[in-house]
Amino acid sequence: MIQIQNLKKSFRTEEVETLALNNVNLKVEDGEFTAIMGPSGCGKSTLLNIIGMLDNPTEGSYQFAGHEVAGLKERQRTELRKGNLGFVFQSFNLIDELTVFENVELPLIYLKMKKSERREKVMKVLERMKIAHREKHFPHQLSGGQQQRVAISRAVVTNPKLILADEPTGNLDSKNGTEVMNLLTELNQEGTTIVMVTHSDHDSHYAHRVVNLFDGQIVTESHNRKIGAMI
Amino acid sequence: MYKNYLKIAWRSLKKQPFFTFLNTFGLAIGIAGGLLISLYIHDELSYDTMFADAERIHRIHADIKFGGDGRKFAVTPAPMAETVQNDFSEVELAMRFRTQGSILLRKTGTEANIKELQTTFVDSTFFKMFGLALLSGDIKTALKSPNTLILTKSAAEKHFNSNDAIGQTLILDNDDSYTVTGVIADFPQNSFLRDHTVFMAMSGYEDSRIVNWGSNNYQTYIKLIPSANIEDIQQPLRGFLGKYVVPGVQQFMPGITEEQFKAAGNYLIYSTMPMTDIHLKSDRVAEISGNNDIQSIYILSFIAIFLLVLACVNFMNLSTAHSLKRAKEVGIRKTLGSNRGELIRQFLIESGLVSFGSLLLAIILAIILLPLFNDLADKDISMPYANPFFWLILVGSGILLGLFSGSYPAFFMSKFIPVKVLKGTGNNSLGGSKVRNGLVIFQFAISVFLIISTLVVYQQLDYIQNKDLGFSKDQVLIVNDAFSLGNQAESFKEEVKKLSYVENATLSSYFPTPSSRSDSTFAPEEGLTDQENAVSMQRWGVDFDYVSTMDFEIIAGREFDRNFKSDSTSIIVNESAVSVMGISPQEAIGKRYTPDMGDENPEYYTIIGVVKDFHFSPFRAEIESLSLHLTDRAYALAVKLESGDFSKALAGIEGIWNKVAPGQPFDYYFMEDSFNDTYQSEQRLGRIFFIFTALSILIACLGLFGLAAFNAEKRTKEIGIRKVLGASVSQISYKLSIDFLKLVGIAILVSLPLGWFAMNKWLEDFSYRIEIGVWVFVLASFLAVVISIITVSYQSIKAAIVNPVKSLRTE
């Protein structure tokens with residue numbers, strides 16, 4: 001699914017050039033659940049943004065499902081992203097002015113799907129995430145756990161090949177956090193590839209593989225033997 | 001997709017009622033102002049377009065310089081109309097007006113006169129020229145015979161109390177009887193004939209048949225054949241000088257040639273102007289009705305554009321400031337697959353929604369304000385509800401405004417980079433602040449410019465109103481129609497003078513405020529036929545009390561005196577006249593001049609006095625040469641009153657009038673009012689400037705208020721930290737306000753030279769004008785600073801007094 005080779009990303013401010021990622025090589029297979037860990041500022045989020053095609057690398061190659069992504073224009077990246085990728089953020093990033101239903105419906109609108117089809121898909125995913133009874137509520141009327149369930153619903157409603165999760169439990173208490181991690185595991189077991197950035201050792205145990213980043217480089221990779229140990 | 005755009009737009013507007021209000025209200029004020037001004041300009045541009053074949057109708061003008069000063073006349077000689085019709089195959093039709101001003105009318109068999117203010121003789125081709133139809137009467141014969149007239153519908157109803165006026169007889173000025181042969185509809189307000197109510201047959205007017213190329217009294221209109229080009233007759237029209245005028249002048253200046261006439265610095269140029277241009281482009285001697293100045297249309301157009309641009313800028317500023325709150329949404333949408341085009345469309349729909357709301361509010365505002373605006377602009381404009389073009393243009397401009405003002409925020413917002421905005425760290429560094437600052441500078445520069453303009457216009461008006469005019473206009477009452485008293489006029493004057501509150505009184509047709517004007521060319525006794533010595537002067541007939549009643553200052557010689565029998569052939573001239581003569585006031589005394597150039601036995605007038613120059617034309621014009629002579633023919637009585645209760649004085653004078661002239665209307669005005677009327681267009685401009693300056697400042701303040709609110713909100717955390725570290729409320733308020741004041745300071749620096757330049761240009765139109773003082777700029781800058789401090793400080797202080805614990809918690 002993902003093949004990254006010699007990837008570099010640097011940020012230039014007025015005087016200093018900061019190397020955020022330095023010669024990163026990473027391969028993620030279809031159906032794999034990968035966790036990326038590391039201290040603050042090690043380049044985790046930068047890597048996730050590049051994998052999510054929200055940002056372009058400075059150097060190196062990134063192939064997504066066989067397509068070279070590095071160097072694509074924003075418009076082309078947008079097209080590739082649509083329907084293939086789902087995002088889950090630490091701060092949920094729901095649109096405050098839209099209801100639960102409308103937030104989840106949004107990626108389907110950008111895919112220009114018919115209304116009746118949209119309704120069916122959204123309701124199905126909401127029911128699965130046990131949040132259908134809140135479809136008419138606005139984000140600020142929900143608890144943090146509920147908001148993240150909506151965000152996950154939105155990420156999976158297009159049946160993406162890959163879900164990118166950036167600290168998905170960072171803003172949640174442990175009960176809600178566990179619930180979210182279980183949901184991600186369930187999706188993974190159904191075949192969705194997941195790449196998750198996390199600080200939490202606890203959460204990293206849900207992944208098949210943990211990649212440790214330090215100062216922009218992958219320093220260790222370890223495989224969890226007991227998949228789904230925490231379920 | 002669009003439904004989703006609309007939905008989110010509506011919810012986002014609803015969620016921020018304060019910003020939505022500022023945005024909608026600011027834009028609505030701009031649109032309402034622009035709408036009112038557009039209606040005014042549309043009305044001004046529509047003058048005289050209602051006549052059939054209006055585009056083929058032109059008026060012939062004469063620019064004449066002979067004997068001192070050059071003047072532009074709207075009138076030409078009596079034979080002009082017939083001559084152009086005969087000489088030019090391009091001319092389909094020609095007709096003349098010979099305006100008569102006010103006339104007293106009464107039905108035969110009655111005593112009471114009713115006054116009609118605007119009357120004129122017209123050729124019988126009047127109907128054909130303007131495509132007029134008669135409401136009653138026979139168009140083939142109406143105005144053909146002498147002593148016939150036609151009335152407008154309202155005049156007919158006034159005099160005959162019925163629609164059946166045809167065949168009735170009217171006595172004009174207690175003298176001639178005329179038969180009514182037709183009734184026409186009243187002329188619309190945007191027609192040059194709007195105030196004319198009585199049209200008499202030219203065939204009964206003796207002077208119109210005399211072939212005299214030396215006197216200009218007739219407004220001559222021509223209609224071209226459809227295929228003709230007006231330019232083709234301009235050159236031959238200039239040739240009329242040699243072909244017709246010079247041969248005519250040779251009668252009293254034998255041997256004069258066109259070359260000699262021109263060599264002496266004189267000229268006579270005939271030209272034409274399209275009828276539909278006259279209202280805005282003609283300012284000539286003897287216009288049929290008061291015209292406006294195209295400059296005021298330009299100024300108003302600028303103001304309208306300023307207002308709309310200001311309002312749009314406001315919209316852009318508030319939207320981009322506010323958009324930082326929408327950054328997250330943009331990031332999410334982009335992450336979920338929205339491209340930039342879709343986001344631009346979304347935000348444009350949102351601004352379209354606001355501009356549509358503003359448009360509705362603006363229409364309501366304009367409907368409410370229209371009566372006030374009509375008062376302000378001296379108009380009778382109504383909303384053209386039934387006109388589909390009006391709605392089309394309105395909706396079209398609403399969409400354009402929405403696109404224009406929404407475009408920058410849309411492009412600005414759609415550029416947000418999701419990686420940055422979703423982190424929530426980039427909010428303060430999203431950029432656009434340079435553009436916003438530029439827009440605030442632009443808004444305030446316009447406001448300061450308008451403040452300077454308003455101050456200068458008012459200062460010039462004040463200068464006009466308080467300048468030493470060289471005569472006393474205060475407490476002078478003019479009683480019209482004294483001529484109708486016949487030989488009783490003098491005893492009426494003497495009776496009035498006996499009243500205790502009357503200082504003095506004088507009979508004349510000529511006053512320094514708008515009244516009759518008459519000029520003649522005078523030649524000195526020595527060098528009678530030498531045109532270089534000729535002096536063209538106003539020639540006013542007055543009585544013995546004129547100079548003292550008007551309070552003129554004699555600078556040489558004396559005023560008219562009943563004890564000098566010879567004064568019937570004396571004249572008093574003004575300073576300008578003696579300077580044209582090239583002599584000093586003292587040298588002028590005793591010199592003899594005659595207006596009868598070319599006569600075998602010219603009548604000479606001896607100069608017995610020189611008066612200090614006084615203003616009898618608007619300040620736009622230089623003071624012309626002028627002479628006063630004694631006459632017993634007078635149109636009006638001017639009464640100088642003592643200060644006090646004018647109503648008593650009025651009652652006393654009216655009592656005497658009713659005794660000597662029973663049945664005649666008592667018609668009067670105060671000289672000061674008439675003087676002020678002369679500056680109506682300046683006063684109107686002053687008022688309009690004032691109102692629209694206030695509006696533009698209001699819009700700019702709304703924008704600044706919104707930006708200050710936004711800025712305070714954005715800096716909540718900074719304010720909290722500063723307070724924790726010990727900053728006082730005043731230090732924080734200062735910190736928050738000073739950035740905006742810097743922008744206002746730059747705006748002031750930009751607008752001062754522009755204001756100075758533009759207002760000097762405007763003042764150039766006045767021969768007598770103020771110098772723009774430094775205080776104008778100081779005051780304008782001071783006002784802008786004070787207004788912006790008040791606007792910004794509310795938000796700054798509000799933010800500064802918040803408990804820092806609360807400020808820091810919001811992070």
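Not measured: the values here are computed from a predicted model. Each residue is numbered by its place in its chain's sequence as written, counting from 1. Starting at A for chains and at 1 for ligands, labels are handed out in the order in which the entities are written. Thresholds applied to this predicted model are a pLDDT of at least 70 for local features of residues and 80 or more for the giving and counting of side-chain atom pairs; totals over whole chains, interfaces and linings are not thresholded and use all residues.

Engineer: Even after reading the chapter, I still don't get the overall build of chain A, so can you show me in this structure?
Structural biologist: Where helices and strands are cited, they refer to DSSP runs of H or I of at least four residues and of E of at least two residues respectively, numbered from the N terminus. The helix and strand inventory of chain A stands at 7 helices and 10 strands. Each radius of gyration is computed over the set of C-alpha atoms, and the globule rule expresses the reference value as 2.2 Å times the number of residues to the power 0.38. For chain A, the C-alpha radius of gyration of 18 Å lies close to 17 Å, the compact-globule estimate for 231 residues. Counting only C-alpha atoms and orienting by the principal axes, one finds that chain A spans roughly 50 × 40 × 35 Å. Scored against the burial criterion, the 231 residues of chain A give a buried share of 46%. Here contacts are defined at the residue level, using C-beta atoms placed from the backbone and a cut-off of 7 Å between them. Intrachain contacts of chain A at a sequence separation of at least 6 include 68% that bridge at least 24 residues. Using C-beta atoms placed from the backbone, we call a residue buried if 20 or more other C-beta atoms fall within 10 Å of its own, exposed if 12 or fewer do, and partly exposed for counts in between.

Engineer: I keep staring at the packing of helix H3 (residues 100-110) of chain A against helix H4 (residues 115-128) of chain A and nothing clicks. Help me out?
Structural biologist: Residues and elements named next belong to chain A. To get an axis, fit a line to the C-alpha atoms, keeping to the stretch in contact for a helix; angles then go from 0 to 180 degrees between the N-to-C directions. Put simply, H3 and H4 touch, their axes get as near as 10 Å, and they point 125 degrees apart. Classed by the angle they form, the pair H3 and H4 counts as oblique. The chirality of how H3 crosses H4 is right-handed. Mapping the contact onto sequence places Phe101, Val104, Glu105 and Leu108 in H3 and Arg118, Lys121, Val122, Val125 and Leu126 in H4. Under the convention adopted here, Pro, Cys and the residues Ala, Val, Leu, Ile, Met, Phe, Trp and Tyr are nonpolar, Asp, Glu, Lys and Arg are charged, and Gly plus all remaining residues are polar. Split into classes, the residues belonging to the contact of H3 with H4 amount to 6 nonpolar, no polar and 3 charged. Should an angle fall under 35 degrees it is taken as roughly parallel, and over 145 as roughly antiparallel, whereas 65 to 115 is taken as roughly perpendicular and any remaining angle as oblique. We call a crossing left-handed when the near helix sits turned anticlockwise from the far one by less than a right angle, and right-handed when that turn is clockwise.

Engineer: Honestly, the domain arrangement of chain B in this entry has me stumped. Any pointers?
Structural biologist: Accessible area lost upon the coming together of the parts serves often as the stated size of an interface. All names here are of chain B. According to the domain assignment, chain B contains domain 1 (2-42 + 294-463 + 680-809), domain 2 (94-215) and domain 3 (476-678). Look at where the C-alpha atoms of domain 2 and domain 3 centre, and you get two points 31 Å apart. Residue-level contacts link 8 residues of domain 2 with 6 residues of domain 3. An automatic or database domain assignment provides the domain bounds reported here.

Engineer: Would you mind showing me how to read the sheet that holds strand E6 (residues 85-88) of chain A here?
Structural biologist: By definition, the strands of a sheet pair up through backbone hydrogen bonds, in either a parallel or an antiparallel sense. All names here are of chain A. When DSSP locates at least two bridges between a pair of strands, those strands are taken to pair. Reading across from one edge, E6-E7-E8-E3-E9-E10 is the order of the 6 strands in this open sheet, with mixed pairing throughout. Of all strands in the sheet, those with a lone pairing partner are E6 and strand E10 (217-223), marking the two edges. In this sheet, adjacent strand axes meet at a mean angle of 20 degrees when their direction is disregarded. When strand E3 (residues 33-37) meets strand E8 (residues 193-197), the two strands line up parallel, connected through 4 bridges. Residue pairing across strands places Phe33 opposite Ile194, the latter belonging to E8. In the packing of helix H5 (residues 144-156) onto the sheet, contacts are made with E6 and strand E7 (162-166), and the angle to E6 comes to roughly 170 degrees.

Engineer: Even after reading the chapter, I still don't get unusual backbone geometry, so can you show me in this structure?
Structural biologist: The phi angle at Met53 of chain A is positive, at roughly 60 degrees, despite the residue not being glycine. Mapped onto the elements of the fold, Met53 of chain A is located in the loop between helix H1 (44-51) and strand E4 (59-64). For Ala286 of chain B, which is not a glycine, the phi torsion comes out positive at approximately 70 degrees. What makes Ala286 of chain B partly exposed here is the crowd of 18 C-beta atoms within 10 Å.

Engineer: What am I meant to see in the nonpolar core here?
Structural biologist: As a rule of thumb, soluble globular proteins bury nonpolar side chains together. Residue and element names in this part refer to chain B. Ala311, Phe444, Val448 and Ile452 are the most contacted members of the largest nonpolar core, which has 165 residues in total. Considering each element in turn, this core owes the most residues, 17 residues, to helix H22 (residues 680-714). Ala311 has contacts with Gly26, Leu27, Ile29, Gly30, Ile31 and Ile699, leaving out every residue within four places of it along the chain. Listed in part, the 58 residues of the second largest apolar core include Val75, Ala81, Leu143 and Tyr218. Linking buried Ala, Val, Leu, Ile, Met, Phe, Trp, Tyr and Cys residues through C-beta atoms within 7 Å yields a set, and such a set is a nonpolar core.

Engineer: Looking at this structure, how should I read the environment of Leu318 of chain B?
Structural biologist: Counting through the fold element by element, Leu318 of chain B comes out in helix H10 (residues 294-323). Spatially, the C-alpha atom of Leu318 of chain B lies 48 Å from that of Phe675 of chain B, the residues being 357 residues apart in sequence.

Engineer: Would you take a moment to explain the interface of chain A and chain B for this structure?
Structural biologist: With 19 residues of chain A at the contact, the number on the chain B side is 18 residues. In terms of residues, the side of chain A that touches chain B owes the most to one element, H3 of chain A, which gives 4 residues.

Engineer: Would you mind going over the confidence of the model for chain A with me for this structure?
Structural biologist: Confidence scores per residue from the predictor, reported as pLDDT, run from 0 to 100. When pLDDT is averaged along chain A, the result is 88; 97% of the residues meet or exceed 70. Counted against residues more than four places away or in other chains, residues 227-231 of chain A, with its pLDDT under 50, gives 7 contacts.

Engineer: I keep staring at the sheet that holds strand E22 (residues 668-670) of chain B and nothing clicks. Help me out?
Structural biologist: Residues and elements named next belong to chain B. Strand order in the open sheet formed by 4 strands is E13-E21-E12-E22, and the pairing between neighbours is antiparallel. Two strands bound the open sheet, and with one partner strand each, they are strand E13 (502-508) and E22. For this sheet, the mean angle separating the axes of adjacent strands, direction not counted, is 20 degrees. Of the strand pairs in this sheet, strand E12 (residues 476-479) and E22 are connected by 3 bridges, and their pairing is antiparallel. Paired with Leu477 across the two strands is Phe670, which belongs to E22. Of the strands in this sheet, E13 and strand E21 (636-641) are in contact with helix H16 (residues 489-498), which crosses E13 at around 165 degrees. Sheet strands touched by helix H20 (residues 646-660): E12, E13 and E21. Its angle to E21, the strand with the most contacts, is close to 145 degrees.

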